[in-house]
Amino acid sequence: MMGLSKHKEEQMQHVLSRSLAVLALTVASVTTAGIASSQTATAPGATVEGDTIVFGQTAAQSGPQAPIGASKWGLEAFIASVNANGGVAGKKLRLISYDDGYQPAQTTALDKKLVYEDRVFAIVGSIGSPTTAAVYKALNEEHVPLLSMGSGSPIFYEPGLKYVFPSWPIYTTDGETMGNYVKKHFPGQAAAVIYQDDGFGKPILAGIKKSLGKVDLEIPYVPSQVDFSSAVIKLKSSGIKVVMLATIATSGAQILNQMDSLSYHPTRILTSSACGYGGIFGAIKSLEGTYCTAFLPPPGSSDPQWVEFANAMQKYGQGHPPDIYAAWGWLAGQVAYAGLEKIKGPITRDALVAQLETLRNFDTIAGKINYSPERHEGSCCQLLWQAKGGKWEIVPDSQFNGSAMK
Amino acid sequence: MQRRLVIAILVACAVLPIAFQALGQRQVYWLFVISEFYVFAIVAISLDLLMGRSGQISLGQSGFVALGAYTAAILNQRFNVDLPLGMLAGAATAAVASLVLGFPATRLRGHYLGIVTLGFGIAIDQIALKWDALTGGDQGIHLHRPALFGVDAGTPVRMYYVALVALVVAVLLVRGLTQTRIGRAFAAIKDSEVAAAAMGVPVARTKVLAFIVSAFLAGAAGGIYAFLAGFVAPEDFGIESSLLFFAMVVIGGMGSIPGAIGGAVVVDAVKNAAATVSGLSLALLGGMIVLVVLFFPGGLKGLLRTRRIRRERRPAPKGVVRQDA
């Protein structure tokens, strides 16, 4: 028995060492034969052929960030509306959307699938800062347009990213909108910021400090944090009268609920990312009076852009409500369409980029967007909503224009 | 049979990029997916070495992968360190860090050890997020194009071979190790620490060694992954990743290299299908784990063994004489 086992082991070692030699030989021959060097990635599909223009998107449809994946339904509704009106230059639009679960590694793999396997024309309306951060440089190098990503992270607005077109206001504008309003309407009141300690919260804090000069208290938190009672107690005991929250939706809801449970009712201002979901009035009982920065019309608004979006969602939204997350997708569709419809002649990626760079004061559901060859700026402006009687209302005299292309 | 199968699989893996030429540019995606799978298989093998061979539970293996990936990424970004050195530095960093877990492991067992390793995984993820001056925080780190001894290794085919060779080396290393005195000590500890100690096995030292070797392999896999993806971010190394690696070992069947690789195939395939096929979700993976634990506790390895035993016990047809009879 032992002898047989030893013999088998020796045999296996022999097999493995021979196999390794075969492998080494193959690797050497394949790489020296030049197959490897011929595959430096040049993305296929640079020119639209056939009767369909295919967009690709990655958005979380699973996991804790799944609600923001509703952006997909807004983009689908936009595409269906365009197709119902004849498409673009006689071509229909189509979306391939994959679930990246808000995991950058998954986004990297899925974008390779979209670009090289599905041969999409452009990546449109992908959602998330870390997920988009994983792929934006590669897409730019491969000359694949990355349009209207769901993020205002400053890294996407840097010059030199010819194929990257953000549409959200940069996160610092979010902060400046809050700071300006506080400076104007609550002068001299002790103000604090509680912010997510990452690439989302820090630029908002920077924007607030840029407009306010200084804040009396800054409290960072990590995204996985669920208990904010010590932070709320600190705010209350410090006599803070105005609290600005640079938080995502779940953290914002937890903080406001803990403020309420501790009978602490300062002036509260949330960021746009914290108040876009439909169930917010149920999730936060003490929401009345709370402000929120926004670059989209409030849900239920009579703004013509919102009405058009809401009607399309009713018709093509496959049962999904016309909420802010879906509106992000609608905005992405608007940006892509604006560039495409201006193309005369063959529809190529370079032609799309050239046309997008001519857009000035282009009207979208997120307000006016400006692009130029030197600057891909996205939406110029933000304003404030206020929770009144179970719905959001626009606060007069709250608009902030952060555009450098005014 | 087994010998022919191993050779056939290796040759198939080696010539795959040649066959993929027929796919044109589509091969960029497929080579990436398979390369990524090879890297995950290394992590599964590293975790199996710990759990399946030495009987120590770990729910924080992605922490070691993260250490390897970040070490390689930081060295590459700041000092232009190329792939082999970056990978080895990543492996070494993870191995050193494993001492943090290895020493508690000498005192803890079972669930308690699982909790400690879970805490380690979460801590690494959070450190990567918070220490943004070094790690780039949630913005992550973009790597320079990988090089292999001064030669560009950034093409999909070359990265494929890097990952494949690394997997083969990991298999040989673990297989070789399990056949040595150390491997037998791992097995003895897994069966009974008391009996192993009575036989003269230095239990504490052997358990720490299992953590070091496991972390070294996971760190090396992390280093290769960083160069393969060209980007690292904390979100990729959270508890979810650790649980996926855990699932690979459980589904594959503990204590088996083919099992770990098979588990990696299943989990990676389900993960990719859940992302791209509408209506499928990772819940499918959860359901599979429940089914495996309830009905096939030996995983794929146990399932194949049971089938083989049944086949061997089946009476041979008249006139046929079994060779092994």
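Think of each chain on its own: its residues are numbered from 1, step by step along the sequence as written. For this description, chains carry letters from A and ligands carry numbers from 1, given in the order in which they are written. Residue-level local features of this predicted model are given only where pLDDT is at least 70; pairs of side-chain atoms are given and counted only at 80 or more, and the full residue set underlies all totals for whole chains, interfaces and linings.

Peer 1: What am I meant to see in the overall build of chain A here?
Peer 2: Looking only at helices and strands, one finds 12 helices and 16 strands in chain A. When burial is assessed residue by residue, chain A has 53% of its 406 residues classed as buried. What counts as a contact here is a pair of residues whose C-beta atoms, placed from the backbone, lie within 7 Å. In chain A, of all internal contacts separated by at least 6 residues, the share reaching a separation of at least 24 is 69%. Labels follow the DSSP assignment, with helices taken as runs of H or I lasting at least four residues and strands as runs of E lasting at least two, numbered in each case from the N terminus. Residue burial is a threshold on neighbouring C-beta atoms within 10 Å of the residue's own C-beta, all placed from the backbone, with 20 or more meaning buried, 12 or fewer meaning exposed, and counts in between meaning partly exposed.

Peer 1: Whenever I open this one, the overall build of chain B confuses me. Can you help?
Peer 2: Scanning chain B from terminus to terminus reveals 14 helices and 4 strands. Taking the principal axes of the C-alpha coordinates as reference, chain B spans close to 70 × 55 × 40 Å. Considering chain B as a whole, with its 325 residues, one finds that 53% of them fall into the buried category. Across chain B, every contact between residues at least 6 apart in sequence was considered, and the portion connecting residues at least 24 apart equals 75%.

Peer 1: Just checking my understanding: could you explain the pairing of strand β12 (residues 367-371) of chain A for this structure?
Peer 2: On a regular strand, one side chain projects to one face of the sheet and the next to the other, so that they alternate. Residue and element names in this part refer to chain A. Sheet topology note: the strand β11 (residues 362-364)/β12 ladder contains 3 bridges and is antiparallel. Across the sheet, residue T364 finds its bridge partner in β12, namely G367. DSSP bridges decide pairing: two strands pair if at least two such bridges lie between them. Hairpin connection of β11 to β12: 2 residues between the antiparallel strands. Bridge count for β12 against strand β13 (residues 376-379) is 3 bridges, and the pairing is antiparallel. Bridging across to β13, I369 finds its partner in S379. Between the end of β12 and the start of β13, which pair antiparallel, lie 4 residues.

Peer 1: Please explain the sheet that holds strand β5 (residues 164-165) of chain A as it appears in this structure.
Peer 2: The pairing of strands in a sheet comes from backbone hydrogen bonds and takes either a parallel or an antiparallel form. Residue and element names in this part refer to chain A. Reading across from one edge, β2-β1-β3-β4-β5 is the order of the 5 strands in this open sheet, with parallel pairing throughout. Looking at strand neighbours, the two that pair on one side only are β2 (92-98) and β5, the edges of this open sheet. With 2 bridges connecting them, strand β3 (residues 122-124) and strand β4 (residues 146-147) associate as parallel partners. Directly across from I123, in β4, lies its bridge partner L146.

Peer 1: Just checking my understanding: could you explain the sheet that holds β13(A) for this structure?
Peer 2: All names here are of chain A. Across the sheet, which stays open at both edges, the 3 strands sit in the order β11-β12-β13 with antiparallel pairing between neighbours. Among the strands making up the open sheet, the edge pair consists of β11 and β13. Averaged over all pairs of adjacent strands, the angle between strand axes in this sheet comes to 25 degrees, irrespective of strand direction. Angles shown run from 0 to 180 degrees and are taken between the N-to-C directions of axes, each axis being a line fitted to C-alpha atoms and, for helices, limited to the stretch in contact.

Peer 1: I keep staring at the pairing of strand β1 (residues 52-58) of chain A and nothing clicks. Help me out?
Peer 2: All names here are of chain A. In terms of residue burial, β1 counts as a mostly covered element, since 5 of its 7 residues are buried. Bridging between β1 and β2 involves 7 bridges; their strand directions are parallel. Note on β2: the bridge partner recorded for T58 is Y98. Seen with its strands pointing away from the viewer, a crossover is right-handed if its path from the first strand over the helix to the second goes clockwise. Following the chain from β1 across helix α2 (residues 71-84) to the adjacent parallel β2, one finds a crossover that is right-handed. Examined bridge by bridge, β1 and β3 share 2 bridges and lie parallel to one another. Paired with G56 across the strands is I123, a residue of β3.

Peer 1: Any chance you could explain the domain arrangement of chain A here in plain terms?
Peer 2: One widely used convention gives an interface's size as the accessible area the parts lose upon coming together. Residue and element names in this part refer to chain A. A domain assignment, automatic or from a database, supplies the domain bounds used here. Per the domain assignment, the segments of chain A are domain 1 (52-169 + 300-374) and domain 2 (171-294 + 385-401). Using only C-alpha atoms to locate each centre, domain 1 and domain 2 end up separated by 28 Å. With 11 residues of domain 1 at the contact, the number on the domain 2 side is 11 residues. Throughout, the ten residues Ala, Val, Leu, Ile, Met, Phe, Trp, Tyr, Cys and Pro are labelled nonpolar, Asp, Glu, Lys and Arg are labelled charged, and all others, Gly among them, are labelled polar. Of the residues belonging to the side of domain 1 that touches domain 2, the class tally is 6 nonpolar, 4 polar and 1 charged.

Peer 1: Can you help me understand helix α8 (residues 181-191) of chain B in this one?
Peer 2: Structurally, the α-helix is built with 3.6 residues per turn, so residues lying three or four positions apart point the same way. Within α8(B) the residues assigned to the buried category are B:A185, B:F186, B:A188 and B:I189. All buried residues of α8(B) fall inside an arc of 165 degrees around its axis, so they share one side. Think of it as the arc spanned by the lines of direction from the helix axis to the C-beta atoms.

Peer 1: What's the story with the packing of helix α11 (residues 239-252) of chain B against helix α13 (residues 283-295) of chain B in this structure? I'm lost.
Peer 2: Relative orientation and spacing of two packed helices are given, respectively, by the angle between their axes and the distance between those axes. All names here are of chain B. For the pair α11 and α13, interaxial distance at closest approach is 10 Å and the crossing angle is 40 degrees. Judged by the inter-axis angle, α11 sits oblique to α13. The way α11 lies across α13 gives a crossing that is left-handed. Facing A247, V250 and I251 of α11, the residues of α13 in contact are L285, M288, I289, V292 and V293. Of the residues contributing to the contact of α11 with α13, the split by class is 8 nonpolar, no polar and no charged. Here the word oblique covers every angle except those under 35 degrees (roughly parallel), over 145 (roughly antiparallel) and from 65 to 115 (roughly perpendicular). By definition, any crossing whose near helix is turned counterclockwise from its far helix by less than a right angle is left-handed, and any crossing with a clockwise turn is right-handed.

Peer 1: Would you explain unusual backbone geometry in this entry?
Peer 2: In most cases, non-glycine residues show a negative phi, while peptide bonds are predominantly trans. Within the chain, A:S148 stands out as a residue other than glycine whose phi angle is a positive 50 degrees. The topology assignment puts A:S148 in the loop between β4 and β5. Under the C-beta neighbour-count criterion, A:S148 is labelled buried, with 31 such atoms within 10 Å. Of note, the phi angle at B:N80 is positive, near 55 degrees, even though the residue is not glycine. In this structure B:N80 comes out as exposed when scored by C-beta crowding, with 11 C-beta atoms within 10 Å.

Peer 1: Hey, could you run me through the packing of helix α12 (residues 257-276) of chain B against helix α14 (residues 299-313) of chain B in this one?
Peer 2: Residue and element names in this part refer to chain B. At a minimum axis separation of 7 Å, α12 and α14 run at an interaxial angle of 115 degrees. Contacts between α12 and α14 involve P258, G259, G262 and G263 from the first element and G299, L300 and K301 from the second. Within the contact of α12 with α14, the residues separate by chemical class into 2 nonpolar, 4 polar and 1 charged.

Peer 1: It is not clear to me how α14(B) should be interpreted in this structure. Could you clarify?
Peer 2: All names here are of chain B. The first and last C-alpha atoms of α14 sit 21 Å apart over 15 residues, in line with the 21 Å expected at 1.5 Å per residue. Among the residues making up α14, those that are buried are G299, L300 and K301. Residues of α14 that are buried sit in contact with α11, α12 and α13. Multiplying one less than the number of residues by 1.5 Å gives the expected span of a helix.

Peer 1: Before we go on, may I ask you to explain the nonpolar core in this structure?
Peer 2: The nonpolar side chains of a soluble globular protein tend to be buried with one another. A set of buried residues qualifies as a nonpolar core if it consists of Ala, Val, Leu, Ile, Met, Phe, Trp, Tyr and Cys joined through C-beta atoms within 7 Å. Counting 228 residues, the largest nonpolar core has B:A41, B:I42, B:A44, B:I45, B:A163 and B:I224 as its most contacted members. Per-element accounting of this core gives the leading share, 17 residues, to helix α2 (residues 27-53) of chain B. Counting only domains with at least three residues in this core, you end up with domain 1 (52-169 + 300-374) and domain 2 (171-294 + 385-401) of chain A. Ignoring any residue separated from it by four or fewer positions in sequence, one finds B:I42 in contact with B:A166, B:L167, B:A170, B:L217, B:A220 and B:A221.

Peer 1: Got a minute to help me understand the confidence of the model for chain A in this structure?
Peer 2: Do not read the predicted coordinates in detail wherever pLDDT is low. Averaged over every residue, the pLDDT of chain A is 89; the share at 70 or more is 89%. What pLDDT reports is the predictor's confidence in each residue, on a scale of 0 through 100. Confidence drops under a pLDDT of 50 for residues 36-40 of chain A, and excluding neighbours within four residues, the segment shows 10 contacts in the predicted structure.

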